[in-house]
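# Descriptive structure summary
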Amino acid sequence: MIAFVSNPCLPYRQFVALPSSGAETYLSLGPSTGRIMTLLPDRVGGVWLIGHPGPQQGELRVQRTTMAGVPLPGWEQGVGLPVRDVVTTLNIALDSAGGLAFVWSDPSAPATVRAFRLTPDGTPPPTWDPLGVVVTPVPATAGAFASAPDGMDGAYVAWIDSRFQATTGQDIYASRVLADGSIDPTYVTGGRAVAINSPAHSRVMVVPTEPGAAIVVWDDYRNGNWDIYAQRLPLD
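Each value, and the rule that gives it
Residues numbered from 1 in each chain as written. Predicted model: local features only at pLDDT ≥ 70, side-chain atom pairs only at ≥ 80, totals over all residues. Heavy atoms only, no water. Buried < 20%, exposed > 50% of the residue type's maximum accessible area, 1.4 Å probe, protein only. Helix = DSSP H or I, 4+ residues; strand = E, 2+ residues; numbered from the N terminus. Pairing = 2+ DSSP bridges. Patch = residues over 30% accessible without salt bridge, like charges linked within 9 Å, V, L, I, M, F, W, Y side chains within 5 Å. Areas by Shrake-Rupley, 256 points an atom, 1.4 Å probe, with all protein chains shown as cover. Salt bridge = Lys/Arg side-chain N within 4 Å of Asp/Glu carboxyl O. Phe/Tyr/Trp six-rings, centres within 6.5 Å; stacked < 30°, edge-to-face > 60°. Lys NZ or Arg CZ within 6 Å of the ring centre and 35° of its normal. Axes fitted to C-alpha atoms, helices over the stretch in contact; angles between N-to-C directions.

Okay, the pairing of strand β14 (residues 170–177) next. Taking burial as the measure, the eight residues of β14 include seven buried ones, the bulk of the element. Where strand β13 (residues 155–161) meets β14, seven bridges bridge the pair, whose relative direction is antiparallel. The residue of β14 that forms the bridge with Ala158 is Ala174. When β14 meets strand β15 (residues 192–198), the two strands line up antiparallel, connected through four bridges. Across the sheet, Tyr173 pairs through a bridge with Ala193, a residue of β15.

Together, Met205, Val207 and Ile215 make up an exposed nonpolar region whose accessible area comes to about 240 Å². Residue placement: Met205 occurs in strand β16 (residues 204–210).

Another aspect to go through is the packing of aromatic side chains. Enumeration according to the criterion identifies six aromatic pairs in this entry. Ring geometry for Tyr221 and Trp226: centres 4.9 Å apart, planes at 50°, overall tilted. The ring centre of Tyr229 lies 4.0 Å from the NZ or CZ of Arg222, which sits over that ring.

Reading across from one edge, β8-β9-β10-β11 is the order of the four strands in this open sheet, with antiparallel pairing throughout. Strands at the two margins of the open sheet, each flanked by one partner only, are β8 (90–94) and β11 (133–134). Strand direction decides the pairing type here: strand β10 (residues 113–118) and β11, joined by two bridges, are antiparallel. Of the residues in β11, the one forming a bridge with Arg114 is Val134.

Right, let's talk about the sheet that holds β13 for a bit. By way of backbone hydrogen bonds, the strands of a sheet pair with one another, either parallel or antiparallel. Overall, antiparallel pairing links the four strands, which are arranged β12-β13-β14-β15 in an open sheet. With partners counted over all chains shown, the strands left at the sheet margins are β12 (142–149) and β15, one partner each. Averaged over neighbouring strand pairs, the angle between their axes works out to 15° when direction is ignored.

Looking now at the pairing of β12. By the bridge criterion, six bridges tie β12 to β13 in an arrangement that is antiparallel. Looking at the pairing, Ala148 lines up with Tyr156 of β13. In this structure, the hairpin formed by β12 and β13 is closed by a connection of five residues, where Gly151 is found at a positive phi of approximately 80°.

A complete count under the given rule lists ten salt bridges for this structure. The residue Arg64 makes a salt bridge to Asp42 at a minimum N-O spacing of 2.7 Å. One end of the pair, Arg64, is in strand β6 (residues 59–66); the other, Asp42, is in the loop between β4 (35–41) and β5 (46–52), with 22 residues separating them in the sequence. When the shortest N-O distance is used, the salt bridge between Arg176 and Asp150 registers 3.0 Å. With Arg176 in strand β14 and Asp150 in the loop between β12 and β13, this pair connects stretches of sequence that are 26 residues apart. Summarising the burial analysis for this pair, Arg176 and Asp150 share the class buried. Linked through salt bridges whose partners overlap, the residues forming this network are Asp95, Arg117 and Asp153.

Have a look at this one:
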């Protein structure tokens, strides 16, 4: 079993492996100074660890271990990701094939959201951009975003968009990255509008419902007070 350890003296989380017998082991990526941001079950009796190999902000790596915290053969050094842990938001989820899906805000290109995928063996699908697929429009106009697996090895992404801020206020846009790393052709470049003509939005969420479908939920100020709206994806 792997447990989360709360330590108010440290600015990051700690995880510890608790074997059925023997001493507990604090987990790290790489050397003992490595930090783990989060972990997910790999659905075959092990764990995905996501973090970085050193004490400072920098490259993020992924490692697969047993439930006792022992790296699987070939995973001792982990696999590097195209995202760094200086991003403001990073969403990580299991995909339907047992791999990982990543969606993040790109600190090198503000207001740009990218998506990336790892297969269970730690390699990205060959058709995916190795730097992450750009989901939001160029020039970038995305604010807060949310994502969820689409149940078919891709992902839905929704975001607060300011491209027409001067005329319609903030809008909600959405897009879908398919399993091969391409953008769903039913979504135009830069996403499709889900909600427009509202002066402001504060939050957006994406909830998967069934393979190929999801629901976008957001706060909306169109009536002079904060209401909650929802829209099913794909858009009819």
